[in-house]
Amino acid sequence: MATILAALMAAGCGNAQNKQATITTIGVEEFAEIMIQKDVRLIDVRTPKEYAEGHLAGAENIDVKAVDFAEHIKDIKGTAAVYCRSGKRSLTAAEQLVKQGCMVYNLDGGILAWQKVGKPTTTVETDIFTTRSGKQVKIHALMHSSIRVEFNGWEIEIDPCANLHGRTVDYSAMPKADIIIVTHEHFDHYDSSTIALLANENTQLVMNRRCVEMYGSGTAMKNGDRLQLADGITLKAVPAYNTTKGREQFHPKGRDNGYLLTLDGLNIYIAGDTEDIPEMAALKDVDIAFLPCNQPYTMTPEQLLRAAKIIKPKILFPYHYGETEVSGIPSMLQGEDIDVRIRHYE
């Protein structure tokens, strides 16, 4: 194992000429240690259906059988840890990753071997992105409006909520948060007990003014405010409100926040509870957008489509959608050059 970890630390295989580019098939215990190392891309290469039924914590899903598999892996550099059901499909994926210069670790026996020895799996979906300077950003879809972000050793929690209509998130199993961001005071966004669980004396708690008043501490941001939270981490509060007649009382203008979170140049727009408001036209160079779709409280699917065409994010996550049907949104945005990803943000 020491030899493998030494090779892992030495692997800077960012091009096809790197002599470290190789495939190593390893057992469960070795794989469990490697997959949690910093900057290792953990990839489940099974189908989305298999992935949804249970996968290794922190794994992103890139189906090796999909026609666009090569497109999805083209920017992956360095070290990757891959697995499938039994180890065959992951070997195929590993061969393609090695061609572009990666060091690849393949799980011998796949997830079946993992489960056979009692290792845990999860249904929390994870997407991994790379910043302009090569840092890794992991976004975990917890539920509804609750998002966990890992960036360069920082733990960022957005609208953490532990229990919603019978769905639960076990925040006690997660690290303490370095930054907690809350959009507004509604129960599915502001959960004081979960904030207290995640926070310690070093946690930066950023909320709208009403939440700060309710919680008794934290930094209050109003629309237009900017904060430098850390080196490479900035936050801007942007408007989030209802415009449709008869809905204004749900989210009145000026009270709540959406946020533009920038991580090493990667711009992430968390819209909060809003409709397709005129201020969205001022948002530029959005890499990732979280847009709510939960009529009558936020946007209808038609409003979300209009918002997406105004913002033009590279990647769009419909979220906060409750029982609203969002499965048709990817096809409705075909031709807009927006990668729409449906996750379990009911």
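It should be emphasised that the depicted structure is a prediction, and the values quoted were computed from it without experimental measurement.

What counts, and where the lines are drawn
Residues numbered from 1 in each chain as written. Predicted model: local features only at pLDDT ≥ 70, side-chain atom pairs only at ≥ 80, totals over all residues. Heavy atoms only, no water. Helix = DSSP H or I, 4+ residues; strand = E, 2+ residues; numbered from the N terminus. Rg over C-alpha atoms; globule rule 2.2 N^0.38 Å. Buried < 20%, exposed > 50% of the residue type's maximum accessible area, 1.4 Å probe, protein only. Areas by Shrake-Rupley, 256 points an atom, 1.4 Å probe, with all protein chains shown as cover. Lys, Arg positive; Asp, Glu negative; His and termini not counted. Charge placed at Lys NZ, Arg CZ, Asp CG, Glu CD. Pairing = 2+ DSSP bridges. Phe/Tyr/Trp six-rings, centres within 6.5 Å; stacked < 30°, edge-to-face > 60°. Lys NZ or Arg CZ within 6 Å of the ring centre and 35° of its normal. pLDDT = per-residue confidence, 0-100. Contact = heavy atoms within 4.5 Å. Core = buried A, V, L, I, M, F, W, Y, C linked by side-chain atoms within 4.5 Å.

(A) Examining the overall build of the protein more closely. Of the regular secondary structure elements, the protein holds 10 helices and 21 strands. Relative to the 2.2 N^0.38 estimate, which gives 20 Å for 346 residues, the radius of gyration of the protein is 21 Å and therefore close to what a compact globule would have. With the principal axes as the frame, the protein shows a C-alpha extent of 60 × 45 × 40 Å. Looking at the 346 residues of the protein, the share that counts as buried comes to 52%. Counting every atom, the protein has about 15400 Å² of accessible surface; 50% of that belongs to carbon and sulfur. Averaging the positions of the 36 positive and the 45 negative side-chain charges in the protein gives two centres separated by 4 Å.

(B) Looking closely at the sheet that holds strand β7 (residues 136-143). Taken in spatial order, the 7 strands line up as β6-β7-β8-β9-β12-β13-β14 in an open sheet, and their pairing is mixed. At either end of the open sheet lies a strand with only one pairing partner, and these are β6 (125-130) and β14 (219-220). Judged from the 3 bridges that link them, strand β12 (residues 179-181) and strand β13 (residues 204-207) form a sheet pairing that is parallel. Paired with isoleucine 181 across the two strands is valine 206, which belongs to β13.

(C) Quick peek at the packing of aromatic side chains. All chains considered together, the criterion is met by 7 aromatic pairs. Every member of this aromatic cluster is reached through a ring pair, and the members are Phe129, Phe290, Phe317, Tyr319 and Tyr345. A cation sits over an aromatic face here: lysine 119 above tryptophan 114, 5.9 Å from the ring centre.

(D) Layout of the confidence of the model for the protein. Here the protein shows a mean pLDDT of 93. Residues at 70 or above account for 95%. Of all the helices and strands in the protein, helix α1 (residues 2-10) carries the lowest mean pLDDT, 40, while β12 carries the highest, 99. pLDDT under 50 marks residues 1-19. Its contacts with residues more than four places away, or in other chains, come to 38 contacts.

(E) View of the pairing of strand β16 (residues 233-240). For β16, the tally of buried residues reaches 6 of 8 residues, placing the bulk of the element in the interior. What sits between strand β15 (residues 226-230) and β16 in their antiparallel hairpin is a turn of 2 residues, with glycine 232 showing a positive phi close to 85 degrees. The pairing of β16 with strand β17 (residues 256-263) spans 8 bridges and is antiparallel. In the strand pairing of β17, threonine 234 is matched with threonine 262.

(F) Spatial organisation of the nonpolar core. In this structure, Ile139, Tyr269, Phe290 and Leu291 are the most contacted members of the largest nonpolar core, which totals 55 residues. For this core, the element with the most residues is helix α9 (residues 301-311), which contributes 5 residues. Discounting chain neighbours no more than four positions away, the residues touching phenylalanine 290 are Ile139, Ile147, Ile268, Tyr269, Ile270, Ala271, Phe317, Tyr319 and Tyr345.

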